[in-house]
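Structural overview
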Amino acid sequence: MSTRIGELTADVNTLRSQLNDQNEIIEKQNQLIMKLEKKLNSMEGEFLQLKSTVIIRKHVNKLLAASVDDNMQYSKRECLILDGVETGYRDAEEVIKKKVEAEFKKELNIDNIVIDRAHHLPITRDDGNKSIIIKFNSFTDRNKVYKKRGELERPKSLRLSLTKRRYELLNYARKMTESYSTIKHVYADDNCNLKLVLE
């Protein structure tokens, strides 16, 4: 009997020793898990910080793009684009300028404006002609001509020289009028600001 008790005691001691070993392993694993959780929390914090930095930079980039667009549009404030005037494909700037001045004098009865320069735009239109960009010496001269644009004989037409971004916004806004019955009309005013006319 005492031998059996001795064997059981030895088994219990072995089990206790194994249990202690398992507890030590569990404790080490718990410490490792805590370290990993701490590292993960730190990485989550860094990720959130990076994410907020990206969001801020995107916002700043949008503001900068809008500011650059405003400056570009301001530099175009004295320009108009004329379509429908026949000119030679290789006409020099001075020849194009004289043709434009003659058209304005004949059709708009304006002869006291000063055109700084006029030349073809590089893109050919659907009708095979090239648009002419006209830079006036002053915003006042540009406005005198622009306000009389309705008097030009078709197919001639005058339009504002908008930046690519404003032109895309204007076209987008015009498409929106099809979806929203409260928007009657969209246009760019004399200062190239986009305007909505509501019902």
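Reference entry: report on the structure contained in this document. (Residues numbered from 1 in each chain as written. Predicted model: local features only at pLDDT ≥ 70, side-chain atom pairs only at ≥ 80, totals over all residues. Heavy atoms only, no water.)

So, the environment of Q49
Here is the rule we go by: Strands here mean DSSP runs of E at least two residues long; helices mean DSSP runs of H or I at least four residues long; both are numbered from the N terminus.
Topologically, Q49 is positioned in helix α1 (residues 2-75). C-alpha separation for the pair Q49 and Y74, spaced 25 residues apart in sequence, amounts to 37 Å.

Here's the deal with unusual backbone geometry
Quick note on the threshold: We call a residue buried when its accessible area falls under 20% of the maximum for its residue type, exposed when it is over 50%, and partly exposed in between, using a 1.4 Å probe and counting protein chains only.
In the segment running from R154 into P155, the intervening peptide bond is cis, with an omega of 10 degrees. Within the secondary structure layout, P155 lies in the loop between α3 (139-147) and β4 (157-160). Despite not being glycine, N109 shows a phi value in the positive range, around 55 degrees. On the secondary structure map, N109 appears in the loop between α2 (93-107) and β2 (115-124). Owing to a relative accessible area of 68%, N109 belongs among the exposed residues under this scheme.

Things to note about the packing of aromatic side chains
Two descriptors summarise a pair of aromatic rings, namely the distance from one centre to the other and the angle between the planes of the rings. Where we set the bar: Ring pairs are drawn from Phe, Tyr and Trp, using the six-membered ring of Trp, whenever the two centres fall within 6.5 Å, and their geometry is named by plane angle: stacked under 30 degrees, edge-to-face over 60, tilted for the rest. Sitting over a ring, as applied to charges here, requires NZ of Lys or CZ of Arg to be within 6 Å of the ring centre and within 35 degrees of the ring normal.
If you walk through the whole model with that rule in mind, you get one aromatic pair. Consider the rings of F104 and F136, whose centres lie 6.4 Å apart with planes at 15 degrees: the pair is stacked. With F104 in helix α2 and F136 in strand β3 (residues 130-136), this residue pair connects regions lying 32 residues apart in the sequence. The buried category is assigned to F104, whose relative accessible area is 0%. Sitting above the plane of the Y146 ring, R149 keeps its charged end 3.9 Å from the centroid.

Things to note about α2
For clarity, the cut-off: The span expected for a helix works out to 1.5 Å for each residue beyond the first. The directions considered for the arc run from the helix axis to the C-beta atoms. Every residue pair with non-hydrogen atoms within 4.5 Å of one another is taken to be in contact.
The first and last C-alpha atoms of α2 sit 21 Å apart over 15 residues, in line with the 21 Å expected at 1.5 Å per residue. Taken together, the buried positions of α2 are occupied by I96, K97, V100, E103, F104 and E107. What you see down the axis of α2 is that its buried residues fit within an arc of 125 degrees, all on one side. α2 presents K98 and K106 as exposed residues on the side facing more than 90 degrees away from its buried surface. For α2, the secondary structure elements touched by its buried residues are β1 (79-83), β2, β3, α3 and β4.

Remarks on the pattern of salt bridges
Stated precisely, the cut-off is as follows: Criterion for a salt bridge: a side-chain nitrogen of Lys or Arg within 4 Å of a carboxyl oxygen of Asp or Glu.
Scanning all chains against the criterion turns up 15 salt bridges. A salt bridge links R117 to D116; the shortest N-O distance between them is 2.4 Å. Assessed through its relative accessible area of 33%, D116 is described here as partly exposed. What you see here is one network of salt bridges that share partners, running through D69, D70, R165 and R166.

Side note on the nonpolar core
Generally speaking, a soluble globular protein has its nonpolar side chains buried in company with each other. In plain terms, the rule: Throughout this description, the term nonpolar core refers to a set of buried Ala, Val, Leu, Ile, Met, Phe, Trp, Tyr and Cys residues connected via side-chain atoms within 4.5 Å.
Ranked by internal contacts, the top residues of the largest apolar core, which has 26 residues, are V100, F104, I134 and V145. Elements that contribute at least two residues to this core include exactly β1, α2, β2, β3, α3, β4, α4 (164-179) and β5 (183-188).

Looking at α4
Under the 1.5 Å per step criterion, the end-to-end length of α4 is 23 Å for 16 residues, consistent within 8% with the ideal 22 Å. Buried residues of α4: R166, L170 and A173, and no others. Each buried residue of α4 sits inside an arc of 65 degrees when the element is viewed along its axis, so together they form one side. Every exposed residue of α4 that faces more than 90 degrees away from the buried side is listed here: K164, Y172, K175, E178 and S179.

Points about the layout of surface pockets
A probe matching the size of a water molecule, rolled over the atoms, marks out where space remains unfilled. Filter applied, for reference: Detection works on a 1 Å grid of protein atoms alone, calling trapped sets that fit a 1.4 Å probe cavities and calling open sets with protein on both sides within 12 Å along at least five of seven lines pockets, with lining residues defined by an atom within 4 Å of a point. Grid points are joined across faces, edges and corners, and a volume is the space filled by probe spheres set on the points. Put simply, Ala, Val, Leu, Ile, Met, Phe, Trp, Tyr, Cys and Pro go in the nonpolar bin, Asp, Glu, Lys and Arg in the charged bin, and everything else, Gly too, in the polar bin.
Size it by volume and the largest pocket reaches roughly 380 Å³. In terms of lining residues, the largest pocket is bounded by 15 residues, among which I81, L121, I123, R159 and Y167 are the most central. Elements with a minimum of two residues in the lining of the largest pocket: β2, β4 and α4. Element by element, the count of residues in the lining of the largest pocket is highest for β2, at four residues. Residue composition of the lining of the largest pocket, by class: seven nonpolar, four polar and four charged. Together, 13 residues line the second largest pocket, and Y146, R159, L160, L170 and R174 are the ones closest to its centre. Sorting the residues of the lining of the second largest pocket by element identifies β4, α4 and β5 as the ones contributing at least two each. Sorting elements by how many residues they give to the lining of the second largest pocket places α4 first, with four residues. When its residues are assigned to classes, the lining of the second largest pocket shows eight nonpolar, two polar and three charged.

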